[in-house]
Amino acid sequence: MAPFGEKARKYPGGFIDLSQGTPVDPTPQFIQDAFSSASNSPSYPVVAGTAALKDAIRKWSVENLGVTGDFDVLPTIGSKEFIALLPTFLQSKNVLYPKVAYPTYLVSAMMASAQATPVDIDAISWPKADLAWLNSPSNPTGQVQTDQELKACITWARKNQAILASDECYLSFSDDAKSILALANGDNTGLLAVLSLSKRSNLAGYRAGFVVGDSKLIDQIRQVRKHAGLMVPLPVQQAMITALSDEKHVKEQADRYRNRRQMLKQALLSKGFKIEYSQAGLYIWCTKGEDGYKTVDYFAELGILVTPGAFYGSDNYVRIALTATDENIKQVADRISR
């Protein structure tokens, strides 16, 4: 990517980086205040989280994920840490992950010396494995899996006595996406939903996430984490409690991304781009019907850096992040249109 970055930085109108999904909008002030108020924190936090945080996560999960039946919760140091380490915690031997996907699923299997197999969304075609990853809404495509597709994944997990882990960090940016826990009919055995506050609350710098699901499985993971020092700092835990108590700021952020998506989408379509999925999440997944690196170069000529689809398993596409200010997104749309 370095040569494309150098070319984009030479654009006289200024460089705009849309290659990373890093939030740029401010952390809401009321969350900052909660973090500051808990800054006197001399003692070690516990891996399981405070009782207040666990209660907040449980309440939020019932109200927003639709989870029923027996389940447990566990705070994590962002969601990426958990995704990267889960196969290691579970001593997984065979891991399935989406063919077009965030690369950490593959890397997590490699870290655990597990066999990693990319699969299509249709679980009927899946081979046997002891862990499978879902990601809906998807990074990079923004695709939302249907209830039928998710139920098929749950059926596969039951049949194979496997663990099904669903990365749902973009769930708050879709009106249609559902958690796998909402479709489990109260039986959460072998199911884990992984959530993050990085995007929904602009807390990427806080490293705040959590996992919800199978009580026995979460207890097993918790016991291992105790020895790995994977503890969420107490000020961050307090910020999480505050963030989970309010959905107004989440809706406002979702509206920002929706408006940015629409602005860029119109400009791209006017220049003959094909946009696939991209109805949710933080990205536009598109193609000009050519090698993705050629399209990256097209954007670099306009002072814009985007990510080639080859990073995610698809050579002819690019991923364009919506994580830029409204002003910068408008500039990008104007440059494309011109």
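Everything below is about the structure printed above this text.
In what follows, the accompanying structure is described.

### What about the sheet that holds strand 5 (residues 131-135)?
- Taken in spatial order, the seven strands of this open sheet run 2-8-7-6-5-3-4, and their pairing is mixed. Across the chains shown, the open sheet's two edge strands, defined by having one partner strand only, are strand 2 (72-76) and strand 4 (115-119). Pairs of neighbouring strands in the sheet enclose a mean axial angle of 20°, with direction left out of account.
- Bridge count for strand 2 against strand 8 (residues 209-213) is five bridges, and the pairing is antiparallel. Within strand 8, the residue paired with proline 75 across the bridge is phenylalanine 210.

### Comments concerning the side chain of serine 166
- Turning to its location among the elements, serine 166 is positioned in strand 6 (residues 163-167).
- Excluding its chain neighbours within four sequence positions, the residues that come into contact with serine 166 are Leu134, Ile180, Leu192, Ala193 and Val194.

### Describing the packing of aromatic side chains
- One pass over the structure, following the stated rule, counts 13 aromatic pairs.
- Relative to tryptophan 133, the ring of tyrosine 105 lies with its centre 5.3 Å away and its plane at 35°, an arrangement referred to as tilted. Highlighted residues: tyrosine 105 in helix 5 (residues 104-111) and tryptophan 133 in strand 5, separated in sequence by 28 residues. Both residues of the pair, tyrosine 105 and tryptophan 133, belong to the buried class.
- Where phenylalanine 173 meets tyrosine 257, the ring centres are 5.3 Å apart and the plane angle is 75°; that geometry is what we call edge-to-face.

Definitions and cut-offs
- Residues numbered from 1 in each chain as written.
- Predicted model: local features only at pLDDT ≥ 70, side-chain atom pairs only at ≥ 80, totals over all residues.
- Heavy atoms only, no water.
- Pairing = 2+ DSSP bridges.
- Helix = DSSP H or I, 4+ residues; strand = E, 2+ residues; numbered from the N terminus.
- Axes fitted to C-alpha atoms, helices over the stretch in contact; angles between N-to-C directions.
- Contact = heavy atoms within 4.5 Å.
- Phe/Tyr/Trp six-rings, centres within 6.5 Å; stacked < 30°, edge-to-face > 60°.
- Buried < 20%, exposed > 50% of the residue type's maximum accessible area, 1.4 Å probe, protein only.

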